[in-house]
Structures are given as structure tokens and as C-alpha cells.
Amino acid sequence: MNSLTFKKSKDMRAKLEEAILGSIGARQEMVRRSRGQLERSPSGSAFGSQENLRWRKDMTHWRQNTEKLDKSRAEIEHEALIDGNLATEANLIILDTLEIVVQTVSVTESKESILGGVLKVLLHSMACNQSAVYLQHCFATQRALVSKFPELLFEEETEQCADLCLRLLRHCSSSISTIRSHASASLYLLMRQNFEIGNNFARVKMQVTMSLSSLVGTSQNFNEEFLRRSLKTILTYAEEDLELRETTFPDQVQDLVFNLHMILSDTVKMKEHQEDPEMLIDLMYRIAKGYQTSPDLRLTWLQNMAGKHSERSNHAEAAQCLVHSAALVAEYLSMLEDRKYLPVGCVTFQNISSNVLEESAVSDDVVSPDEEGICSGKYFTESGLVGLLEQAAASFSMAGMYEAVNEVYKVLIPIHEANRDAKKLSTIHGKLQEAFSKIVHQSTGWERMFGTYFRVGFYGTKFGDLDEQEFVYKEPAITKLAEISHRLEGFYGERFGEDVVEVIKDSNPVDKCKLDPNKAYIQITYVEPYFDTYEMKDRITYFDKNYNLRRFMYCTPFTLDGRAHGELHEQFKRKTILTTSHAFPYIKTRVNVTHKEEIILTPIEVAIEDMQKKTQELAFATHQDPADPKMLQMVLQGSVGTTVNQGPLEVAQVFLSEIPSDPKLFRHHNKLRLCFKDFTKRCEDALRKNKSLIGPDQKEYQRELERNYHRLKEALQPLINRKIPQLYKAVLPVTCHRDSFSRMSLRKMDL
């Protein structure tokens, strides 16, 4: 062997010298080959002295692919089995070697770098297509490594912790049960180990959640059902772990598994609901909520939602998504950098939206932003925060919410002032001037409509998760009930079949027992924002009354005999007040109803409310600035005109002609009487205002209105002047004259 090798190397050297010196080159060799001048060797082979000639075209015997077809199925399977066994054996030898390395270096001082290398090899082998036999041993080695050196994963090789979570989660969705079992056990022990270090496993929670996002988004052969089984196995491990039963660990595992289930379901459902904008945004919202402890992922999904809203011209909702994104960034930036001019966290954004506090990083699962791989995106910087806020201001401006633009710039201005950026400050103040000018020119509010609200209830098993759910939908301004009804009926009709979907026309409470179980029912009701009396002092402008809304109301007229409408003395009204989980506008256009309250008004209370509404309309039309003569005359005609004067007059005759026998109604009777007094006074003010606005051509119309008013006033006079004596009796009888000089408070005391 040695002599042959030596001879070959001498020949190669000679040929190399020839090539370098130029006596023979590649060109000459090609010419010689083409002429067939190559010498035959003494053995008769087709190769001459040029040993580097690897083949000759005329002497080569081609192997046809058909040869493979000659093999039987058993032979092919046997070959595959041999190849598989060889691959497994090779990997097991590597695994044995790694075990020897770990045993050897575990007693040395420089073990960290070597163990990091071992972990890399293990992770790489997990990423390859391996046999079930090898993976079982590989998982056992990995578990032993994490158990012996937990600080390796959780303190030094933090990036590899993320990789390990991804590999384990991928194997948790394997179709082979033994692989799933081992992967589940490894993932559970990883959580347990992380928990034992600091009574929390925030790092593993975050890495597993991020891994699931990556797995669902990129893996083609990902099996949802098998992953669910593995998650159930992990939950069982936690419930039956006696050592940690008294700690918070089982509850934390349960929360994580539930969260992963939700993300999994919602991500899969997103593909099914591409055509349903409300459901799609709901799913994106729930996925973003699932990533509450993974700021980078939550930020990504919030921005995805902002993009979807902008596509549908929901600029207010897009702005809210960007404000939430900015609040999330501010929350983590405040942990990284202590700069006075930066917002202290999401609490700074409260004036823009009360919902923004849900971005608070106060959970036990919050991972510090200075950890490797956390908050590493370009938005988790000062310039990123500024960019998000500028986008939010632009979206609010497009939505016509100029007051909110001002609140956004209140956060931005201190940042630019600290950086002495006069150019940016000049631009901002220019935009603020523009925003306030628009507010001044649109002071009445009629020029900008912020949205219309509807309560939508879903009934029927065909709706799945939506069954028996109630929402408040925010629709574009001036949307009619018929429009949203047609849209939802058409959409769900296409999905379930037109004969299956039915819209409930009234707003009465739905009795599910009376509904057809094979049908899908939708109940749609127009609702208005509702405010308590104490709230009205702070909600002065049109914007105030249409921003930060959480309570809505709708009224349902009814009579005791079941009819919707009846005579004045039998007409009741049901006021339903709905409270939503979040305030509008929010990062989605439909919000769940969390609380429902019903108030039943008696006929006299209905009359009081109607008269108060008429009086308010008169007052508004009278004091409107600038004055609107058409509006004023329309309201006056409805109050004192000959065609309708039976309206207020009939109400007075029904309820004020006699003093009620029931003492409980005394106060209502008196309140209605005072309402009519106020009403007549407002009518008089409105007539006086109208007289100052009309021209000579409307003098006769004015005189007609005044005659009608005097007739109405004369008819009402005896009714509204009748007082209930019982209400005006002295509460306590006066027994003696008051003598202020005998009171203790005025005596001079000797101290």
C-alpha cells in the first residue's frame, strides 16, 4: 500500500510540474483525446498514462434507471430499513459521545462553553428527521442535561432555551405517540426546573408562547389535534405532581395551557373567517391577548389589527391600536431607560383612552426587557415610540377626533423638547393649530359624526362560540338599522343558508325555548349612549358625548296585555341599559356586553320623560348659536301647532285631571305638573325668539302659532295649577318661636 501511494504521488508531482511549466496544458490534452492519441496501458485498460482521465465517453457503460424497478418491494423496504438503522446507529454513537463529553467536563472549570456546544448538537439533532428510537434517547439526554445544569439554559444559553422550546413543541405535535410522550415530559420538566429556580417560569412561558406562534405560522405538516393531546398530558403531569401541589405551579401551568389552546384555536379559525371582518378582528384581538407576556409578538398583532382597520377606513380603531402599541412600548422602555421626558408607562396614555391600562406590565409573568431576545424590535426604542404616536395622531385626525390628537401630542411634545428638536415642535404646533381650528368650526358636532351603535344578539347552535352572546357594534356614522340588518342577514345567510338565518324584528327579551334549534337567529337593536345625571357635567361637548362610551340604552314600549302600544294610561316602557367590557372607540368594532340592567317605567313616568324630551328640544332650538329658524319653527309646530296640540294636552288631561288615589304616585303627579309649567315657559321663549327671526312674509304664521299657544295654555292652566295638599304639609309642627339669642352657638363662653 505504501509503495503504491508513493508511486502515485510521484506521478502526480510530475504531471503538476508539466502543467506549471507549460509543456502540456489542458488545451493540448483535449486535442490529444479528440484524436484518439491516448496510449493504452499494458494491462489493456482504456486508460493511458494520464491517470487524471476519469472516464471515456465511448467506453462508459450507462446504468439505466430501470434497474431500480427490477427490485422487489421487499428489497426496497429492506434497503430503507438498513439505511434507517445506520442513521439511527450513527446518531446514537454521537449521543454516547456527547454523554462521555458531559461526564468528563462536568468536573472541569471551563465546562460552560463545552456544555453549550453539547446543547447545540442536541438541538440540531432534534431539528433533523430522526427515528423514534433515537429521539427517545435524545430526549432522555436533554432532560438529564437540563436537570444537572439548569443555569446553563436559564442564565447563559438563553437563545438556546427558545430553540429548545420550539423543538419540543414541534415534537409535541408528532403523529407518533411515543415521541409525543417524551416531548411532553421534556417540556413539563423544563417548566418545573424554571419554576424551582424562582417560583415562576416566566421565561419558559414566554418562549413556549413565541414558539407556538412560529410553529403555527411556518410549519406545513403541523398537526393541531396531536399538539392538543400533548398539552393535555402536560396539564395532567402538573395536576399529579405531589411535590408542587401546594404551590402556584399547577395553576400557572393551567393558565399557560389554556392560553396556548386559545392561540391555537384562534390562529386556525382565522383562515376560516377571512370574509367576516368582525370575527377576524376578534380572533386577532384574542391572539394578541394570548401574547400579553411576549411584548414583541403582541406589538406585531396590534399593528396587524391597525392595518386591517385602516383597510376598512375604521380610523378611530386603527388609532386606538397604535395608542395601545405606543403604551406597550412605553411600559417596557420605562424599565430600560429612566428618562424624565419619556412616558412613565401606559398610565400616561389614560387621557387618550381608559382601555390602555390593559397594556400594564404588572403580571408575574413579565420578563425583563433587558433579557436577550426580548423587546428587540425596532419599535422598542425612543424613535420607535415617537413613530407610533405620530401614526396614532394621523389616524385620529382622519377620524375627525381632533381632541384626541391634542392628547397624543401632549405625550410627544416633551420628547421633542428634551431633544431640542425645534423643527418637529414647529410641525406639531402647526398640526395642533389646524386641529383646534377644525374643532372651532365644527362646534355643533353635526359636521362630524363619530358612529352609530347597535346591540346584536346571536341565538342558535349554528353560531358556535357566538351562541347567546350579545355585542354592541360600532357602525359608520348615519348607518340605518335596515343597513346593518341587511349586511348581517346576507353574510350569515351565505354561510348557513338563507332559509336558516332569521332576524328577530323586535327588541323584547328572547326566550330560547321558543326558537327553532335548527335555525340561526340574530336580534339587532339601535342603542344610544347612556349617561347618569352626574356624568353630564363633564360631558359637555359633542366629542365628550361620543368618546369613551361604555354604557348604552334602548327602550322597548309594552302594555300589560302583551301589545307593544296602547292608550296613554296603559303605555309602559322598558329601558335596558347595557354595559360593555371596554369603552368605545376600542381596538375592535364590536365589544361584548358584560352587564344588563332593566328599568320599567309606569305610564305616568313615560309621560314625564316624553314631556322632558319635548322641553329639551325647545330649549336647544331656542338657544342654538347661530340661530336656525327652520329648526325652531319645526319644533314649535310640533309643540303648539293645531295638528298636534292634542299631544301635550291629552297627556295633561289623562294624568293631571284627577289627583291619584295612590300616595306613591303623588310625587310623579307633581313632577309632571312642573314639567308642563316648564314646557309652557319654553314655548313662550321659543315664540319670542321666532318673532325676532322671521321676515314680514311670516307675520301671519307667527300670529297663528301664538293663538295656538294661548289656547293650549288656557286649557292647561287649571290642570297645572292644581296642587296635591299632602305634599305641602309641614314635615314637623312648629311648637314655639325661634329665639336666636338662646342658641348655644351665639352665646359667649367663658374658657
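Higher on the page you've got the structure.
Below is a summary of the structure that appears in this document. None of these values were measured; they are calculated from a predicted model.

**Some words on the overall build of the protein**
Point 1. Scanning the protein for helices and strands turns up 24 helices and seven strands.
Point 2. Within the protein, the proportion of its 751 residues that are buried is 43%.
Point 3. Accessible surface, the protein as shown: approximately 42500 Å² in total, 53% of it carbon and sulfur.

**Some thoughts on the side chain of E278**
Point 1. By the element assignment, E278 lies in helix α13 (residues 277-290).
Point 2. With a relative accessible area of 4%, E278 lands in the buried category.
Point 3. Contacts of E278, omitting those with residues within four sequence positions, involve R312, Y473, E475, R487, T589 and R590.

**Focus on the pattern of salt bridges**
Point 1. One pass over the full model with this rule turns up 37 salt bridges.
Point 2. Between R298 and E359 there is a salt bridge whose closest N-O contact spans 2.6 Å. On the criterion of sequence distance, the pair formed by R298 in helix α14 (residues 295-311) and E359 in the loop between α15 (315-336) and α16 (382-398) is long-range, its members being 61 residues apart.
Point 3. For R298, a relative accessible area of 3% translates into the label buried.

**With respect to the pairing of strand β6 (residues 572-584)**
Point 1. In terms of residue burial, β6 counts as a mostly covered element, since 12 of its 13 residues are buried.
Point 2. Relative to β6, strand β5 (residues 549-558) runs antiparallel, the two sharing nine bridges. Pairing of P557 across the sheet is with K573, part of β6.
Point 3. Pairing geometry for β6 and strand β7 (residues 590-601), over eight bridges, is antiparallel.

**Digging into the packing of helix α20 (residues 603-623) against helix α21 (residues 629-640)**
Point 1. Between α20 and α21, the shortest axis-to-axis distance is 9 Å and the interhelical angle comes to 155 degrees. Considering their axes alone, α20 and α21 lie roughly antiparallel with respect to each other. Seen along the crossing, α20 lies across α21 with a hand that is left-handed. The segment α20 lies against α21, with K614, E617, L618, A621 and T622 engaging M631, L632, V635, L636, G638 and S639.
Point 2. Its residues placed into classes, the contact of α20 with α21 shows six nonpolar, three polar and two charged.

**Notes on the nonpolar core**
Point 1. Core analysis: the biggest nonpolar cluster contains 121 residues, and L187, L190, M191, F349, L385 and F396 have the highest contact counts within it.
Point 2. Looking at this core element by element, the count peaks at 12 residues for α15.
Point 3. Those residues in contact with F396, other than ones at most four positions away along the chain, are A316, A319, Q320, V323, I352, M401, A404, V405, V408 and Y547.
Point 4. Counting residues in each nonpolar core, the second largest holds 28 residues, with L618, V635, V640 and F679 among its members.

**A look at empty space enclosed by the protein**
Point 1. Considering all chains together, one arrives at two cavities of 30 Å³ or more under this definition.
Point 2. Of the pockets and cavities examined, the second largest cavity occupies roughly 40 Å³.
Point 3. Considering the residues around the second largest cavity, the lining is formed by E99, V102, T141, A144, L145 and K148.
Point 4. Mapped by element, the contributors of at least two residues to the lining of the second largest cavity are α4 (73-105) and α6 (132-148).
Point 5. Per element, the largest residue contribution to the lining of the second largest cavity is four residues, and it comes from α6.

Rules used throughout
Residues numbered from 1 in each chain as written. Predicted model: local features only at pLDDT ≥ 70, side-chain atom pairs only at ≥ 80, totals over all residues. Heavy atoms only, no water. Helix = DSSP H or I, 4+ residues; strand = E, 2+ residues; numbered from the N terminus. Buried < 20%, exposed > 50% of the residue type's maximum accessible area, 1.4 Å probe, protein only. Areas by Shrake-Rupley, 256 points an atom, 1.4 Å probe, with all protein chains shown as cover. Contact = heavy atoms within 4.5 Å. Salt bridge = Lys/Arg side-chain N within 4 Å of Asp/Glu carboxyl O. Pairing = 2+ DSSP bridges. Axes fitted to C-alpha atoms, helices over the stretch in contact; angles between N-to-C directions. Parallel < 35°, antiparallel > 145°, perpendicular 65-115°, else oblique. Left-handed = near helix turned anticlockwise from the far one by under 90°. Nonpolar A, V, L, I, M, F, W, Y, C, P; charged D, E, K, R; others polar. Core = buried A, V, L, I, M, F, W, Y, C linked by side-chain atoms within 4.5 Å. 1 Å grid on protein atoms, 1.4 Å probe; cavity = no way out; pocket = protein on both sides within 12 Å on 5 of 7 lines; lining within 4 Å. Points joined across faces, edges and corners; volume = space filled by probe spheres on them.

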